[in-house]
Amino acid sequence: MTSAAKTVEEYMNNLPEDRKKAIELLRNTMLKNVPKGFEEGMNYGMIGYYVPHTIYPKGYHCKPADPLPFITFASQKNSVNFYHMGMYANKDLYDWFVAEYPKHSTRKLDMGKSCIRFNKFDEIPFELLGELVTKISVQDWINTYEAAFVNRK
């Protein structure tokens, strides 16, 4: 379920009431913790944090006109979903998150390679997600991205 919203503010204003608080808290957590250089905007119909073309002119290899995505999150049909491309590309980071999660939540982790789904909005581990986003700088993400997706042979 992607949004047609053109701005983050429009996206936030169109959220169902039962999702607004969770998405607002998630956004505030990202804004407080995302490393310098990443920009916020709408990315693939979700709120996203990405490396702008001013820093990484090549853009996303699948669609170079788009900036290099890093994190997105959205209110989906049955959950709030949080996508972190760094965990998809970096197994050590993925393993760290999986090991840390039980220290922050009693709920079973519902996770794919980069997507974490939260069905109980009042039980999202905001502190852990905030710590997660601090672990990769813009340059770290560019290096990881290029090694994992661009420079593969």
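Calculation rules
- Residues numbered from 1 in each chain as written.
- Predicted model: local features only at pLDDT ≥ 70, side-chain atom pairs only at ≥ 80, totals over all residues.
- Heavy atoms only, no water.
- Buried < 20%, exposed > 50% of the residue type's maximum accessible area, 1.4 Å probe, protein only.
- Helix = DSSP H or I, 4+ residues; strand = E, 2+ residues; numbered from the N terminus.
- Pairing = 2+ DSSP bridges.
- Polar contact = N/O pair within 3.5 Å; in protein donor to acceptor, adjacent residues only side chain to side chain.
- Axes fitted to C-alpha atoms, helices over the stretch in contact; angles between N-to-C directions.
- Contact = heavy atoms within 4.5 Å.

Chemist: Sorry if this is basic, but what is going on with the pairing of strand E2 (residues 46-51) here?
Modeler: When a strand is regular, its side chains alternate between the sheet's two faces. In terms of burial, E2 is a largely internal element, six of the six residues being buried. Judged by which residues are buried, E2 turns out to be covered on both faces: Met-46, Gly-48 and Tyr-50 on one side and Ile-47, Tyr-49 and Val-51 on the other are all buried. Hairpin geometry of strand E1 (residues 39-43) and E2 is characterised by an intervening segment of two residues between the two adjacent antiparallel strands and by a positive phi of about 60 degrees at Tyr-44. Taken together, the five bridges between E2 and strand E3 (residues 68-75) define a ladder with antiparallel strand orientation. By the bridge assignment for E3, Tyr-50 is matched with Pro-69.

Chemist: Would you take a moment to explain the side chain of Ser-79 for this structure?
Modeler: Tracing the chain through its elements places Ser-79 in the loop between E3 and strand E4 (80-84). A polar atom in the side chain of Ser-79 sits 2.6 Å from the side chain of Asn-81.

Chemist: Would you explain the sheet that holds E1 in this entry?
Modeler: As a general point, the strands of a sheet are linked pairwise by backbone hydrogen bonds and lie either parallel or antiparallel. Taken in spatial order, the five strands of this open sheet run E1-E2-E3-E4-E5, and their pairing is antiparallel. The open sheet has two edge strands with one neighbour each: E1 and strand E5 (115-118). The mean angle between the axes of side-by-side strands here comes to 25 degrees, regardless of whether they run parallel or antiparallel. With five bridges connecting them, E3 and E4 associate as antiparallel partners. Bridging across to E4, Thr-72 finds its partner in Tyr-83. Its contacts with the sheet place helix H6 (residues 138-150) against E2 and E3, and it is angled at close to 100 degrees to E3.

Chemist: Honestly, the environment of Ile-47 in this entry has me stumped. Any pointers?
Modeler: Mapped onto the secondary structure, Ile-47 falls in strand E2. The exposure class of Ile-47 is buried, given its relative accessible area of 0%. Distance from Ile-47 to Thr-7, taken between C-alpha atoms, is 8.5 Å for residues 40 residues apart in sequence.

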